[in-house]
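# Residue-level structural notes
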Amino acid sequence: MAYSFLSHLECSRTGTTYDADTVQGLSADNAPLLARYDLDGVAATVSPAEIASRPPTLWRYHEVLPVRDEANVITMGEGMTPLIPLSTYGAKIGVPGLLMKDEGVIPTGTFKARGAAVGVSRAAELGVRGIAMPTNGNAGSAWASYAARAGLASLIAMPLDAPLITRVECVVAGAELYLVDGLIGDAGRLIGEAVAARGGYQDVSTLKEPYRIEGKKTMGYEIAEQLGWRMPDVICYPAGGGVGLIGIYKALLEMRTLGWIPDQLPRLVAVQAEGCDPIVRAFKSGAKTSEPVQNASTVAFGITVPKALGDFLVLDAVRATGGTAVAVSDPALLAEQHTLAAQEGTFICPEGAACLAAVRQLRESGWLAERDRVLVLNTGAGLKYPDTVQVDVPTLPHDGHIPAAPAA
Ligand SMILES: *Cc1c(COP(=O)(O)O)cnc(C)c1O
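Residues numbered from 1 in each chain as written. Predicted model: local features only at pLDDT ≥ 70, side-chain atom pairs only at ≥ 80, totals over all residues. Heavy atoms only, no water.

### Some remarks on the environment of Asn-138
- Within the element layout of this structure, Asn-138 appears in helix 5 (residues 138–150).
- Along the backbone, Asn-138 and Ala-162 are 24 residues apart, and their C-alpha atoms lie at a distance of 8.7 Å.
- Non-local contacts of Asn-138, meaning those with residues more than four positions away in its chain, are made with Thr-110, Lys-112, Thr-166, Lys-384 and Tyr-385. (Helix = DSSP H or I, 4+ residues; strand = E, 2+ residues; numbered from the N terminus. Contact = heavy atoms within 4.5 Å.)

Laid out in structure tokens, this is it:
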């Protein structure tokens, strides 16, 4: 039985088909390529009941993933992250059915591990010897880590301001790392030039190779399976390049074709920071693509993407499902990060906290109803961003005393 039912690649703009068994970048029309599968074959081969008996990693969906030979899978046990009810917090903001899928507990501490596990495995299977990418930090740490495990070289460039820990993670994984005094677009130009000049590296920038989406789409399969092959009413996602949202939408369409979920799809919400909100602006103006944001800046560093290559795919997914796009301020998302830890005990990343600020905002505006079952993606661990929270803690002399009662 085939491990993968990958059939071909398709240009996301024109539908032109491409061979899936050679190394591919963008389509001839400079658009991302999407992996297509023989879904009739998948439906005839595997059922949700059979999947339920498999190990709890994203590879349980291997028929709809691109790696052809199981021996080529590079894994650290990624996937099947928990769905946590946020009952206390949800009740307080008027959305008692609030759920969070927590990607903070995956290898490397962010959901970037999904794209890296699948992308690196497939690159190595196709004979690639080295990967190169610009990153806001988390993707670089994930791809460098999986590349190390696969024995591939990695060449990475990130902004000087990217979270310090991601720098360290790249270096310990043996990556050739450069810091750039600029934004991710500047890092992308440097990587593009180096890949062209050096040879031997595949440019695995966001959406410039087809398989990162495939890794990230497994969040959609997992949400369905963990909810008994039903879907919440709304899914909120912190969108930078938007790969996770494009991937979840792709998974929804595949699962519907497979007959694994009902026809009615959840409304998809793209959440951005006010300091970098190109997709929100395009959504509001009715545009099909976004305009680059000038002087982009937010503490939610993973979503600082002034212009996403796949913006039209994100906008399509949001509009096709009756969703929306919202921007939240840095103070609002930082407050949410703190409130959630205090009320639910979970310290999430600023990007995930942006989704909670958006849920609060959408409930206040009436876009969300009390009965809506809303799922937010927490895309990473708060532990990766220790500097986003300032605390003031009393220091006692060695012969001092703890006060009789906590300070009011
Ligand atoms: C990269 C990243 C995002 C945004 O992901 P895209 O696929 O680029 O939209 C969100 N949260 C965190 C923590 C990230 O690292």
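### Quick word on the packing of helix 12 (residues 330–344) against helix 13 (residues 350–364)
- Two numbers describe how helix 12 lies on helix 13: the axes approach to 8 Å, and their chain directions differ by 100°. Classed by the angle they form, the pair helix 12 and helix 13 counts as roughly perpendicular. Of helix 13, the residues touching helix 12 (which contributes Ala-332, Leu-333, Glu-336, Gln-337 and Leu-340) are Pro-350, Ala-353, Ala-354, Leu-356, Ala-357 and Arg-360.
- Taken together, the residues of the contact of helix 12 with helix 13 break down into eight nonpolar, one polar and two charged. (Axes fitted to C-alpha atoms, helices over the stretch in contact; angles between N-to-C directions. Parallel < 35°, antiparallel > 145°, perpendicular 65-115°, else oblique. Nonpolar A, V, L, I, M, F, W, Y, C, P; charged D, E, K, R; others polar.)

### Topic: empty space enclosed by the protein
- Here the structure, examined in full by the defined rule, presents one cavity of 30 Å³ or more.
- In this structure, the largest cavity spans a volume of roughly 60 Å³.
- Lining the largest cavity are Leu-9, Thr-22, Val-23, Gln-24, Gly-119, Arg-122, Ala-123, Leu-126, Gln-202, Glu-209, Pro-210 and Tyr-211.
- Top element by residues in the lining of the largest cavity is helix 4 (residues 112–125). It accounts for three residues. (1 Å grid on protein atoms, 1.4 Å probe; cavity = no way out; pocket = protein on both sides within 12 Å on 5 of 7 lines; lining within 4 Å. Points joined across faces, edges and corners; volume = space filled by probe spheres on them.)

### Considering a nonpolar patch on the surface
- On the surface, Leu-164, Ile-165, Val-168 and Val-172 cluster together into a nonpolar patch covering about 370 Å² of accessible area.
- Locating Leu-164 in the fold gives a position in helix 6 (residues 164–172). (Patch = residues over 30% accessible without salt bridge, like charges linked within 9 Å, V, L, I, M, F, W, Y side chains within 5 Å. Areas by Shrake-Rupley, 256 points an atom, 1.4 Å probe, with all protein chains shown as cover. Salt bridge = Lys/Arg side-chain N within 4 Å of Asp/Glu carboxyl O.)

### Quick word on the packing of helix 10 (residues 278–285) against helix 11 (residues 311–320)
- Viewed as axis vectors pointing N to C, helix 10 and helix 11 meet at an angle of 55°, and their least axial separation amounts to 10 Å. Classed by the angle they form, the pair helix 10 and helix 11 counts as oblique. Relative to helix 11, helix 10 is oriented so that their crossing is right-handed. Touching Ile-279, Ala-282 and Phe-283 of helix 10 are Asp-311, Val-314, Leu-315, Val-318 and Arg-319, all from helix 11.
- Its residues assigned to classes, the contact of helix 10 with helix 11 shows six nonpolar, no polar and two charged. (Left-handed = near helix turned anticlockwise from the far one by under 90°.)

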